[in-house]
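# A look at the structure
Residues per chain, in single letters:
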Amino acid sequence: MKKRRLLSVAVLLLLVFHPAWSQELKLNNLEYFETQGVNVLVYNNLFTGGFNDEKNAGIELIHHGVRTAQGGAVRLSNTPEQWDLVPSISNRKVNRAAKTIEATLRYEEYDFESRVVVTAKGQGIEIAVYLDKPVPKALEGSAGFNLEFLPSQYWQKAYVVDGRYNRFPRYVVGNTTTRPNSEKPKQYKGYKTADDRGTGKYIDPLPLETGRTLLLAPDDPARLVKITSPDADLMLFDGRLLAQNGWFVVRSALPAGKTGKVLTWTVEPHAVKGWIREPNIGFSQVGYLPSQPKVAVIELDKTDKPLAKSSLYKIGDDGHATKVFSGPIAPWGNYYKYNYVKFNFSAVKAPGIYYIQYGKLKTNNFLIQNNVYDKITDATSDVWIPIHMDHMAVNEAYRVWHGEPFKEGYRQAPPNTDHFDLHAQGPTTDTKYKALELIPGLNVGGFFDAGDFDIETGSNISVVQNFVRTWESFKPLRDQTFVDQKQRYVDLHRPDGTPDVLQFIEHGTLNLVAQAEIVGHMTQTLSNSVLDNYHHLGDAASLTDGLPYNPKLGPYEVASDGRSSGVKDDLWAFTSRNPSLDLAAATMFAAASRALKGYNDNLSARALQQSKRLLKESSELLASRPQDSLSRRGRADIATNLQLYISTGEKQYGAKFQQLLWPALDRNVNIFLLTALDAIPHLDASYKEKLRPYVVKYQAYLTGLEKDNPYGVPIGLGNWAGSGDVTNFGTTICFASQYFPEIIDGSHAYKAANYLYGCHPYHNFSLVATVGATRPKAVFYGNNRADFSFIPGNVAPGLLFRKPDHFENYDDWPFFWGQNEGTIGGNTQYLIFGSAFKNLVK
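Residues numbered from 1 in each chain as written. Predicted model: local features only at pLDDT ≥ 70, side-chain atom pairs only at ≥ 80, totals over all residues. Heavy atoms only, no water.

This paragraph deals with the overall build of the chain. In terms of regular secondary structure, the chain is built from 15 helices and 41 strands. Compactness check: the chain gives a C-alpha radius of gyration of 29 Å against a globular reference of 28 Å for 842 residues, within 12% of the reference. Projected onto the principal axes, the alpha-carbon positions of the chain cover approximately 90 × 80 × 55 Å. Across the 842 residues of the chain, 61% fall into the buried class. For the chain, restricting intrachain contacts to residue pairs at least 6 apart in sequence, the fraction spanning at least 24 positions comes to 68%. Per element, the accessible surface of the chain, about 32800 Å² overall, is 52% carbon and sulfur. Seen as two clouds, the 90 positive and the 87 negative side-chain charges of the chain have centres 5 Å apart. (Helix = DSSP H or I, 4+ residues; strand = E, 2+ residues; numbered from the N terminus. Rg over C-alpha atoms; globule rule 2.2 N^0.38 Å. Buried < 20%, exposed > 50% of the residue type's maximum accessible area, 1.4 Å probe, protein only. Contact = heavy atoms within 4.5 Å. Areas by Shrake-Rupley, 256 points an atom, 1.4 Å probe, with all protein chains shown as cover. Lys, Arg positive; Asp, Glu negative; His and termini not counted. Charge placed at Lys NZ, Arg CZ, Asp CG, Glu CD.)

If you want it as structure tokens, here you go:
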């Protein structure tokens, strides 16, 4: 008792002598609670389930510039996983007079509804949960209010529960129990995230601590949060026990049999007195050519008064830094949460090592040199892309990235199957194969889509097209990868006498031609049949047991001949026919046939044959359907006819291309201009002149971007960040300035490069792994994300927008796919941009 009393006194002394606690939170015009250093968002970002529940929703805390807590809501488990049920928010009410935000949360699966009312209260907020009906019997003990905290911002910091001290663990080590599956709440669409290996039980984490008062990080004022509850225990859990992307969870169970106000929390985030966010000096980590524009964009807290000048220092050969330039700061204005100013140091042209100093803040160093862009695509083409070659063993020196995956092949997905990766098998198979029948010959070629190991057919189609564009436009002869299709073996950094891009075209085409020939059309995806191996991390070859599933065997049983098993881990082919996808494939096959001619003539001929067949069949199928506004169909149809015209020279395809192109450009010049530019080398001068007014219109769009945001590039505000928009923008500029230099200034492309390499919101890290100076991003969402590492050459989606005004890109937490996941489509799009950009600057 004496020891506990001393600990309690220590906590009180800590609070008394701690720097001033939070200032009062106010409800602002953007409908969230705010004081300097603290933003509390209340259902500004909503749960939607599946892929849209990536811990970007609910009640969220942005604490001294970093979103450190999220997910505040009534949830149905101690540590919710991505595919656990999430509540729908049926209405949200803001009462400025009462300083409250109220939302109704509903679980349709259980006919369970609650109201959460959040009220500004002194130095924090009060969260109250109201029930009009008691918790359903099926959810007693499961329903509770949760708030989740970002582990990377808290591990190895202290926490205190009712006077008991401890530390947040760096790596998950804790206690669990197992419970019967009958007690587990339902998961999204009936999916199961874990394989119970026949035990009939699921894992349930136990709390690290339980009490009525919780202090998070009293040893770090910038992360200090106090949570108290007068009527329920606060339980602290470590969600990483179930999933590597789990967060620290504070939870209180809802009482059984009660209605009205059933739970109250007070949450007080500490605001450091006088805190002002440190300026983010955005510049290119790759560096600059001596002759190019050099403009740093400085992101400032709105309460921070801009300085009049900034300076550039050059580091001499003796290590001594000398100021070589000082220039005025030019205001740009407010953009969402922050204020922006610019520092133009284009006058500095001498090669060397430099850094920017703004007030007392110094950046890391960067180069001004004629060769800074020479190697911007090497890591992507030498490492990231070959590592993602499916159906091959991939080796790098002493490291095996993965063995040969999916030797057992792919089975026909059963009709009426709703897939967790946003696909569905319709009421029939649309093939000659029966449900779960092996479709022979599909386990060849293709590329892993992203941080998972499926072949997304639409992505792979665009990937091959990207490789062909790169090959035909720039003929890169780089050869740093050994590829042997017979051995199914890839070895990095080992030349084999063939340009790598040509081998990548072959590898992608092998799988897609196999789909067209064997299935008869393109599959939607070749993907996992069960969720518990879809989220697999590590070696792709260990995702399945390598043995075909045999329904005659018992669960987990292996046949006596060792050739099949009772493990339901095989991958399925989802084969519902999509004529728009077939049309996109026809485009790609036409292009691939040209690139492969003289290298793999057999595959070239097969690709061209499938292009013509799929164009004819998909056009007939689409003609029989009601007209739709899908941009994919419009874009694919235009590009397909162009590629077939280039491949065959047949005038019918050229005429159809132009018939479709001009109305499309009238609708949206930004989307279709790059395809239009592709045709210039293959059509006469009159075509180029007819295209000229649209290029003028695109130039007006470029001017508008300068006023839209301080970076002058298209910045996406969706659920997937916008690096792809930026690379496509940069590529379009490179080609447009090549053909219309009198209209489009190629210097606009530098804005795209600067953005990718560090001149962007939130931080100034390069978004391309290992490409940049001392600070490219260090962690990415790949299949190695649990290692908090990266695959060289990976391009992050970038700055993710969180409503109503927050951009973020975590570099200490890889598990946000929308901002950190590299995709084969996005990275090959970057390969085109990098190649076009290098061509432009030379």
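The next subject is the pattern of salt bridges. By the definition in use, this model includes 40 salt bridges. In this structure, the salt-bridge partner of K337 is D805, at a minimum N-O distance of 4.0 Å. Taken together, the residues K337 in the loop between β24 (321-335) and β25 (338-344) and D805 in the loop between β40 (800-802) and β41 (806-808) connect sequence positions 468 residues apart. Residue R613 is joined to E617 by a salt bridge in which the shortest nitrogen-to-oxygen separation is 3.2 Å. Remark: E617 and R613 occur in helix α7 (residues 601-623); sequence separation between them is four residues, near one turn of the helix. One salt-bridge network, in which partners are shared between bridges, spans R106, E108, D111 and E113. (Salt bridge = Lys/Arg side-chain N within 4 Å of Asp/Glu carboxyl O.)

Tracing the backbone shows E808 in strand β41. Within the structure, E808 has its side chain in polar contact with the side chain of R67 (distance 2.8 Å). (Polar contact = N/O pair within 3.5 Å; in protein donor to acceptor, adjacent residues only side chain to side chain.)

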